Amino acid sequence: MNRRDALLATMATIIRPINPNSIAHAGACEVAAGSRLLFISGQVPEQSDGSVPDGFEAQCEQAWRNVIAVLAAAGLGVEHLVKINTFLTDRSQVVANRAVRRKMLQGNEPASTVMIAETVDGKWLLEIEAIAAE
């Protein structure tokens, strides 16, 4: 068994998806008792120099890079995510958000909520907060 398969097997005992067929938009993750939890504050699409990329897709990718950087600093990866909340500033961003999220999460599907809201700084088109478990 390679390292990635071993990690996924371990994660499967810590994080268990719950997706009943009777619900159209299911998505839940159960975290085993005694697991380590990481709560990631809302990440905005700012780069380390304070600049904000132009356009929604570039901002979405930057916000995800920020989430992934926090995960890495804690010794975790996207496979550890159990819940994400994404705040979009416009309903028209939903499809692009979904595409970027799928690309950045590399097939991982944590429980997810998307809300339309106003961000603190008008130049930010979204904000992403997350919970990870190990």
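Remember, predicted model here, so these are calculated numbers, not experimental data.

Reading the values: the criteria
The numbering scheme is per chain: residues are counted from 1 as the chain's sequence reads. Totals for whole chains, interfaces and linings use every residue, but because this is a predicted model, local features are given only for residues with pLDDT of at least 70 and side-chain atom pairs only at 80 or more, for both listing and counting. Side-chain descriptors were evaluated using all non-hydrogen atoms of the structure, hydrogens and water having been removed beforehand. A pair of strands counts as paired when DSSP detects no fewer than two bridges linking them. Secondary structure elements follow DSSP: runs of H or I of four or more residues count as helices, runs of E of two or more count as strands, with numbering from the N terminus. To obtain an axis, a line is fitted to C-alpha atoms, over the contacting stretch when the element is a helix, and the angle between two such axes runs from 0 to 180 degrees between their N-to-C directions. Pairs of residues are marked as contacts when any of their non-hydrogen atoms sit within 4.5 Å. Expected helix span is taken as 1.5 Å per residue step, with the number of steps being one fewer than the number of residues. Burial here depends on accessible area, computed with a 1.4 Å probe over protein chains only, as a share of the maximum for the residue type. Under 20% is buried, over 50% is exposed, and the range in between is partly exposed. When we speak of the arc, we mean the arc of directions from the helix axis to the C-beta atoms. Left-handed describes a crossing in which the near helix is turned anticlockwise from the far one by less than a right angle; the clockwise case is right-handed. Note that Gly is not counted as nonpolar here; it falls among the polar residues with everything else outside the nonpolar set of Ala, Val, Leu, Ile, Met, Phe, Trp, Tyr, Cys and Pro and the charged set of Asp, Glu, Lys and Arg.

A.B. asks: Just checking my understanding: could you explain the sheet that holds strand β4 (residues 81–88) for this structure?
C.D. replies: Working definition: the strands of a sheet are paired by backbone hydrogen bonds and lie parallel or antiparallel to each other. The mixed open sheet is built from 4 strands, whose spatial order is β3-β6-β4-β5. With partners counted over all chains shown, the strands left at the sheet margins are β3 (37–43) and β5 (111–116), one partner each. Across the sheet, the mean angle separating the axes of adjacent strands is 10 degrees when strand polarity is ignored. Of the pairings in the sheet, the one linking β4 to strand β6 (residues 126–133) comprises 7 bridges and is antiparallel in character. In the strand pairing of β6, Leu88 is matched with Leu126. Helix α3 (residues 94–105) rests against β4, β5 and β6 of the sheet, and its axis sits at about 150 degrees to β4.

A.B. asks: Sorry, what's going on with α3 here?
C.D. replies: Along its 12 residues, α3 runs 16 Å from first to last C-alpha, staying within 8% of the 16 Å computed at 1.5 Å per residue. For α3, the set of buried residues is Ala96, Asn97, Val100, Arg101, Met104 and Leu105. Angularly, the buried residues of α3 cover 150 degrees about the axis, an arc narrow enough to put them on a single face. Set apart from the buried face of α3 by more than 90 degrees, the exposed residues are Val95 and Arg102. Of the residues one or two after α3, Gln106 is the one with positive phi, at around 50 degrees.

A.B. asks: Explain the packing of helix α2 (residues 56–73) against α3 here, please?
C.D. replies: Any two packed helices are characterised by how steeply their axes cross, that is the angle between the axes, and by the distance between the axes. α3 packs onto α2 with a crossing angle of 35 degrees between their chain directions and a minimal axis gap of 10 Å. Helix-helix and strand crossings are classified by hand; for α2 and α3 the assignment is right-handed. Together, Phe56, Glu57, Cys60, Glu61, Trp64, Arg65 and Ile68 of α2 and Ala96, Asn97, Val100, Arg101, Lys103, Met104 and Leu105 of α3 make up the contact between the two elements. Class assignment of the residues belonging to the contact of α2 with α3 gives a composition of 8 nonpolar, 1 polar and 5 charged.

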